[in-house]
Amino acid sequence: MTGPPLLALRGISKRFGAVQALKDVELEVHRGEVVALLGDNGAGKSTLIRVIAGVDPADKGVIEWEGRAVQIRTPQAAQHLGIATVYQNLALCDGLDVAENLFLGRERRFPGTLGRLFRLMDKGSMRREARRQLDGLGIRVPDVRAPVASLSAGQRQTVAISRALLGAPKVVLLDEPTAALGLQQAGHVLDLVDELREHGVGVILISHNMGDVKAVADRAAVLRLGANNGLFHVPTTPQDRIISSIIGAESNP
Ligand SMILES: Nc1ncnc2c1ncn2[C@@H]1O[C@H](COP(=O)(O)OP(=O)(O)OP(=O)(O)O)[C@@H](O)[C@H]1O
Ligand SMILES: [Mg+2]
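Calculation criteria
Residues numbered from 1 in each chain as written. Chains lettered and ligands numbered in written order. Predicted model: local features only at pLDDT ≥ 70, side-chain atom pairs only at ≥ 80, totals over all residues. Pairing = 2+ DSSP bridges. Helix = DSSP H or I, 4+ residues; strand = E, 2+ residues; numbered from the N terminus. Axes fitted to C-alpha atoms, helices over the stretch in contact; angles between N-to-C directions. Contact = placed C-beta atoms within 7 Å. Near = placed C-beta within 6 Å. Nonpolar A, V, L, I, M, F, W, Y, C, P; charged D, E, K, R; others polar. Expected span 1.5 Å × (residues − 1). Buried ≥ 20, exposed ≤ 12 C-beta atoms within 10 Å, placed from the backbone.

In the annotation of an unreviewed UniProt entry, the entry for the protein chain reads ATP-binding cassette domain-containing protein, and the organism field reads Streptomyces yaanensis.

Rendered as structure tokens:
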């Protein structure tokens, strides 16, 4: 692999009161690479995602972006660098429709006075763009005017993912994107991950499903009790070795 990683974490630590959620964690993601972030419940995976996403900044450690140390202390800072996040507990607004959810926080206004003065939203343009985006990703949502409350778990998940992809990110963080999905929808999400890799995007994928990991991940980084517990080249590593390091039968600090 040439050049510095897109994203590198060096010695990241994070404490919540008495809980040391992360201890000196190291992680790298390169262009066009899918890194599975694995670990038992409470291992610190979501906390690490929220550190990178600027939601819960680290207490200690350095984040490097394309080889340079950066500060990511707000979600906006992460977004500005090109980091998009799909959180474990999907942050969609039930009362809004699909298109409105896709554009949440970056609504399109009408040009000129209507948009500037009256903050009038250009819903037609947002709906057309939402439709184009979903079609481009091969995502089947019948109507972009449907409230997301009316969608299935799988459809909600794909809307959340398309929302993350709207800003053409360089790194995508996916926290258990297939957990609530049936086989077919999960397969669809994994196809999307493959496609992101082909476009040179770096992906961090959290999953408890070893089938998902085998299917799409290049490397697997295991966290145990908030610390690194192994880094594996997925295609050449037997699954039970990875599982041993997740459950702590094997220690690979
Ligand atoms: N906001 C918070 N306040 C206090 N403790 C927290 C907070 N967020 C996480 N923790 C604690 O940090 C530890 C790591 O939690 P985290 O959610 O990162 O685990 P996880 O690996 O994502 O687990 P899961 O697989 O269940 O999603 C847990 O002990 C959790 O209780
Ligand atoms: Mg989690």
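## Observations regarding the pairing of strand 2 (residues 19-29)
Bridge count for strand 1 (residues 7-16) against strand 2 is 7 bridges, and the pairing is antiparallel. Within the sheet, the bridge partner assigned to R15 lies in strand 2 and is Q20. Turn length for the strand 1-strand 2 hairpin, with the two strands adjacent in sequence and antiparallel, is 2 residues, and the turn residue G17 shows positive phi of about 55°.

## Examining the sheet that holds strand 3 (residues 34-38)
Sheet architecture is open: 6 strands sit in the order 6-7-8-3-9-10, paired in mixed fashion. Strands at the two margins of the open sheet, each flanked by one partner only, are strand 6 (83-86) and strand 10 (227-233). Neighbouring strand axes in the sheet, compared pairwise and without regard to direction, differ in orientation by 15° on average. Here strand 3 runs beside strand 8 (residues 202-206); their pairing, made up of 4 bridges, is parallel. Residue V34 lies in a different strand from strand 8, and its bridge partner there is V203. Strands in contact with helix 6 (residues 153-165) are strand 6 and strand 7 (171-175); relative to strand 6, the strand with the most contacts, it is inclined by about 170°.

## Observations regarding the site of ligand 1
In the vicinity of ligand 1, the residues found are F16, V19, A21, G39, N41, G42, A43, G44, K45, S46, T47 and Q88. Every element with two or more residues in the shell around ligand 1 is listed here: strand 2 and helix 1 (45-52). In terms of residue class, the shell around ligand 1 is built from 4 nonpolar, 7 polar and 1 charged.

## With respect to the sheet that holds strand 2
Pairing is antiparallel across the open sheet formed by 4 strands, whose spatial order is 2-1-4-5. The sheet terminates laterally at strand 2 and strand 5 (68-70), the two strands that pair on one side only. Geometrically, the sheet is characterised by an average inter-axis angle of 30° between neighbouring strands, direction not taken into account. Note that strand 1 and strand 4 (residues 60-65) share 5 bridges and pair antiparallel. Among the inter-strand pairings, L9 is bridged to a residue of strand 4, identified as I63. The sheet contacts of helix 1 involve strand 1 and strand 2, and relative to strand 2 the element is tilted by about 65°.

## Here we look at the environment of G61
Relative to the assigned elements, G61 resides in strand 4. Sequence spacing of G61 and V25 is 36 residues, and the spatial spacing of their C-alpha atoms is 8.4 Å. Not counting chain neighbours up to four residues away, the residues in contact with G61 comprise L9, R10, G11, I12 and S13.

## So, helix 6
The end-to-end C-alpha distance of helix 6 is 19 Å, a good match for the 18 Å that 13 residues give at a rise of 1.5 Å each. Of all the 13 residues making up helix 6, 10 are buried; the element is thus mostly covered by neighbouring parts of the structure. Buried-residue contacts for helix 6 involve strand 6, helix 3 (98-102), helix 5 (123-136), strand 7 and helix 7 (183-198).

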